[in-house]
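Chain and residue survey
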Amino acid sequence: MSYTKLELEPLFSKIEELKPQFITRLANAVAIPSVSSDEDKRPQVVAMAHFLQKELTNLGFTDIQLKDLGTQPPPTVNKELQLPPIVLARHGNDPLKKTVLIYGHYDVQPALLEDGWNTEPFKLVHNEAKDILYGRGSTDDKGPVMGWLNVVEAHNALGWELPVNLVCCFEGMEESGSLGLDELVAREAQQYFKGVDTVCISDNYWLGTSKPVLTYGLRGCNYYQLTVSGPGADLHSGIFGGIVAEPMTDLVKVMSQLVDSQGKILIPGVYDMVAPLTEKEDGLYDNIDFSVEELEAACGSKTGLHDNKKDILKHRWRYPSLSLHGIEGAFSGAGAKTVIPAKVVGKFSIRTVPDIDSGKLDKLVFDHVNKLLKELGSPNTGKIELIHDGNYWLADPFNDLFGAAAKATEDVWGVKPDFTREGGSIPITLTFEKELKTSVLLLPMGRGDDGAHSINEKLDVLNYINGCKTLGGYLHYYGKQ
Ligand SMILES: C[C@H](N)C(=O)N[C@@H](Cc1c[nH]cn1)C(=O)O
Ligand SMILES: [Zn+2]
Ligand SMILES: [Zn+2]
């Protein structure tokens, strides 16, 4: 039995009708600053788990559990820091229906008004002229997570049964390496997740601003910190400048030898692990709808390293990159403070691709950094550590999941989606595939210019509402296959 768009029309109309309630639900979620990387904000991350628990209860989910993951492994400042719980819930348990596990994350990236936001980041602002919702987490990933709840609310309002059984797995540490989740998925594979037929993740974005996509690949991410310490306390540069070895000088010297200004990684051996480009793969990039101008608009500058579509896509999707993120402990305020920081921690990450081995990569990074530190001949102490890592993922999109999602997308948007890969990372994707022995589909809601992780993060109302329709339509098409 298969659906037609006509049969889904009542669902789509109900979703339209419930738009104000759905915006309120997202506003309530955005108002909780659930920043997982900030140890002081951990209570708010937990508050977000409780918010979800309440919403799920009201919507009729059952067997709702907040799974404790214990304390966060080092490096942390607070040695007793508890990881936020994994929120599990079910909707339906009909053996005649397929079971779809939906994964999303309820934590967000940090955001401060003074970073350059036009509006308060943790207040969802609806710009009615543009019909855009601004706020941290609007697109990454609170919008899509609320989207799944909205789909259930629309079914309840229609008095419709869901076409599949749903199992929810919502985590609060995705932006910080999904700590503890791999182990939980392995533990629950034959328990809570038993009988799951497939996994659907809505936590990435279209490539551009107008054409929907379905995603079959992600890069991985290995995140490192390099600590350089010297003096016992921050010092006056007039009194100690020139007579002590400065940690910042050593750190900057080492960090400058990790990547060059053309984006080439300078750590020997990394590119040797990258799978060679085949002629077949090279041809795939020709047919993708992509505009260099849109990309420049999304990044707010013309400072790109590549000037043509194919090179840009390859460097975003199938080659590794190394980014320098920041220096903890360094003076970063306005004005001119004449301080010599006593201890500085440089943060950098490498986006990984097939066939980079994560453990081998760590060794290459550690060897390179330790060699550079030694060459400095500095009396300061340097220590390189991995903060977290997460696997890349690459799937074959020619299966029934992608087929169902493509039909739903075409119904809602009136256009066939492109099949794309993603430069970002969702560390748990490969784990679901391996532990549950199922295929995974990535079904994005937001656009390529949404500014995830950046200032003024947004979600167009059209994407929020049509995104809910697409998620709902996907469940129907998949459920009836
Ligand atoms: C694509 C997803 N929405 C996302 O933003 N993922 C993060 C995950 C991550 C990995 N290490 C740290 N965070 C990302 O790609 O940065
Ligand atoms: Zn995300
Ligand atoms: Zn993110």
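Every value quoted in this text rests on a predicted model; they were computed, and no experiment measured them.

Turning next to the site of ligand 1. The local shell around ligand 1 consists of Asp140, Glu174, Glu175, Asp203, Tyr205, Cys221, Arg351, His388, Gly424, Ser425, Ile426 and His453. The separation between a nitrogen atom of ligand 1 and a polar side-chain atom of Glu174 is 3.1 Å. At a separation of 3.1 Å, a nitrogen atom of ligand 1 approaches a polar side-chain atom of His388. Compared with its free state, where it exposes 390 Å², ligand 1 has 94% of that area covered by protein. Classifying every residue of the shell around ligand 1 by side-chain character gives 3 nonpolar, 4 polar and 5 charged. Residue contributions to the shell around ligand 1 reach at least three from each of two domains, namely domain 1 (9-218 + 393-480) and domain 2 (221-275 + 318-390).

Before going further, it helps to examine the coordination of the zinc ion (ligand 3). Binding of the zinc ion (ligand 3) to the protein goes through Asp140 (OD), Glu175 (OE), Glu175 (OE) and His453 (NE2), at separations of 1.9 to 2.6 Å. Its relative accessible area of 14% is what places Glu175 among the buried residues.

Right, let's talk about the coordination of the zinc ion (ligand 2) for a bit. Looking at the zinc ion (ligand 2), one finds its protein donor set to be His105 (NE2), Asp140 (OD), Asp203 (OD) and Asp203 (OD), positioned 2.0 to 2.8 Å from the metal centre. Between the two metal centres, the zinc ion (ligand 2) and the zinc ion (ligand 3), the spacing is 3.4 Å, with Asp140 acting as a shared donor. With a gap of 35 residues between them, His105 in strand β3 (residues 99-105) and Asp140 in the loop between β5 (132-134) and α4 (142-158) connect regions that are remote in the sequence. The two residues His105 and Asp140 agree in class, both being buried.

On to the confidence of the model for the chain. This prediction gives the chain a mean pLDDT of 97; 100% of its residues lie at or above 70. As a predicted assembly, this complex carries a pTM of 0.94 together with an ipTM value of 0.97.

Moving on to the domain arrangement of the chain. Per the domain assignment, the segments of the chain are domain 1 (9-218 + 393-480) and domain 2 (221-275 + 318-390). Computed from C-alpha atoms alone, the centre-to-centre distance between domain 1 and domain 2 is 33 Å. At the junction of the two partners, domain 1 supplies 10 residues and domain 2 supplies 11 residues. Contact with domain 2 buries area across many residues of domain 1, yet Pro75, Arg421 and Ser425 alone supply 49% of it, more than any other trio. Along the contact surface separating domain 1 from domain 2 lie 0 salt bridges. For the side of domain 1 that touches domain 2, the class distribution of residues is 4 nonpolar, 5 polar and 1 charged.

One pass over the full model with this rule turns up 9 aromatic pairs. Look at Tyr224 and Phe366: their rings are 6.1 Å apart centre to centre, the planes differ by 85°, and that puts the pair in the edge-to-face class. Pair noted here: Tyr224 is in strand β9 (residues 220-229) and Phe366 is in helix α11 (residues 358-376), with a separation of 142 residues, a long-range link. On the basis of relative accessible area, Phe366 is assigned to the partly exposed category, the value being 26%. A centroid spacing of 5.8 Å and a plane angle of 40° characterise the contact between Phe402 and Phe419, whose relative ring orientation is tilted. Separated by 17 residues along the polypeptide, Phe402 in helix α12 (residues 400-413) and Phe419 in strand β16 (residues 418-422) bring together distant segments of the chain. On the basis of relative accessibility, which here comes to 1%, the residue Phe402 falls in the buried class. With a relative accessible area of 24%, Phe419 lands in the partly exposed category. Put simply, the rings of Tyr224, Phe348 and Phe366 pair up and form one aromatic cluster. Across from the ring centre of Tyr319, 5.0 Å away, lies the NZ or CZ of Arg318, which sits over that ring.

Procedures and definitions
Residues numbered from 1 in each chain as written. Chains lettered and ligands numbered in written order. Predicted model: local features only at pLDDT ≥ 70, side-chain atom pairs only at ≥ 80, totals over all residues. Heavy atoms only, no water. Near = heavy atom within 4 Å. Polar contact = N/O pair within 3.5 Å; in protein donor to acceptor, adjacent residues only side chain to side chain. Areas by Shrake-Rupley, 256 points an atom, 1.4 Å probe, with all protein chains shown as cover. Nonpolar A, V, L, I, M, F, W, Y, C, P; charged D, E, K, R; others polar. Domains from an automatic or database assignment. Donors = N, O, S within 2.8 Å, 3.2 Å for Na, K, Ca; no water. Buried < 20%, exposed > 50% of the residue type's maximum accessible area, 1.4 Å probe, protein only. Helix = DSSP H or I, 4+ residues; strand = E, 2+ residues; numbered from the N terminus. pLDDT = per-residue confidence, 0-100. Contact = heavy atoms within 4.5 Å. Buried area = accessible area lost by both parts, 1.4 Å probe. Salt bridge = Lys/Arg side-chain N within 4 Å of Asp/Glu carboxyl O. Phe/Tyr/Trp six-rings, centres within 6.5 Å; stacked < 30°, edge-to-face > 60°. Lys NZ or Arg CZ within 6 Å of the ring centre and 35° of its normal.

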